[in-house]
Amino acid sequence: MEQFKDLVTITPWHMVMMLGNLLILTLIVKKLLFERVQKVLDERQARADAMLDDARRAKETAEVEKAEYESHLATAKQEVADMLAQADKTAAARSEETLAAARAQAAQMKQKAEAEIEQARKKALNDAKDEIGGMAMAIASKVVEREISEADHKALIDSFIENVGDAS
């Protein structure tokens, strides 16, 4: 046990030696290892900062592009709205033109029909006058029972037609 006792005891000389060793090891580690580790850490920090800067710039660029996109989108929507409004106006104008043409055609057809009706009425009236004139002559010849000359016949028919024309 005696030999282990020396290992456990603390002597001032051993303390000085241990502190010296610790100091020397600390200086060696600092000189050889700490500067290299610090250099690696600084490089990593620089890369991380560069990455953050790149990310910040990319975000700013994306925001600018997003604003431009939204501006273009708004412009495109306005153009579409303008086109639709123009199409509505064009369709309304064409519809109005079609209606006007149809009205004009209907008016023309009505005038033509009225002219045909008037012509048919006149023809029917003339046919009736001719038939009435013939009947009047037959009646007059029976009443008079004499032969009428062509001039007298014509005068009687004209007189009868005038009287019938005035009556209608």
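In case you missed it, the structure is sitting above this.
The structure presented is a predicted model; accordingly, all values stated were derived computationally and were not measured.

(A) Examining the overall build of the protein more closely. The helix and strand tally for the protein stands at three helices and zero strands. Helices and strands appear in the protein in the N-to-C order α-α-α. Per-residue burial for the protein yields a buried fraction of 2% across its 168 residues. Summing over all exposed atoms, the protein offers an accessible surface of approximately 15,300 Å²; the carbon and sulfur share of this is 62%.

(B) Structural detail: a nonpolar patch on the surface. Taken together, the side chains of I24, I28, V29, L32, L33, V37 and L41 make up a nonpolar region of the molecular surface, amounting to roughly 620 Å² of accessible area. The topology assignment puts L41 in helix α2 (residues 12-144). Looking at L41, the relative accessible area reads 45%, which means it is partly exposed.

(C) Spatial organisation of the pattern of salt bridges. Overall, the coordinates contain four salt bridges when judged by the stated rule. A salt bridge links D53 to R56; the nearest nitrogen and oxygen atoms lie 2.8 Å apart. Pair noted here: D53 and R56 are both in helix α2, with a separation of three residues, about one helical turn. Taking relative accessible area as the criterion, D53 reaches 33% and is therefore assigned partly exposed. Classification of R56 by relative accessible area gives partly exposed; the value is 47%. One salt bridge connects E96 with R103, and the closest N-O pair in it is separated by 3.9 Å. What makes E96 partly exposed here is its relative accessible area of 45%.

What counts and what doesn't
Residues numbered from 1 in each chain as written. Predicted model: local features only at pLDDT ≥ 70, side-chain atom pairs only at ≥ 80, totals over all residues. Heavy atoms only, no water. Helix = DSSP H or I, 4+ residues; strand = E, 2+ residues; numbered from the N terminus. Buried < 20%, exposed > 50% of the residue type's maximum accessible area, 1.4 Å probe, protein only. Areas by Shrake-Rupley, 256 points an atom, 1.4 Å probe, with all protein chains shown as cover. Patch = residues over 30% accessible without salt bridge, like charges linked within 9 Å, V, L, I, M, F, W, Y side chains within 5 Å. Salt bridge = Lys/Arg side-chain N within 4 Å of Asp/Glu carboxyl O.

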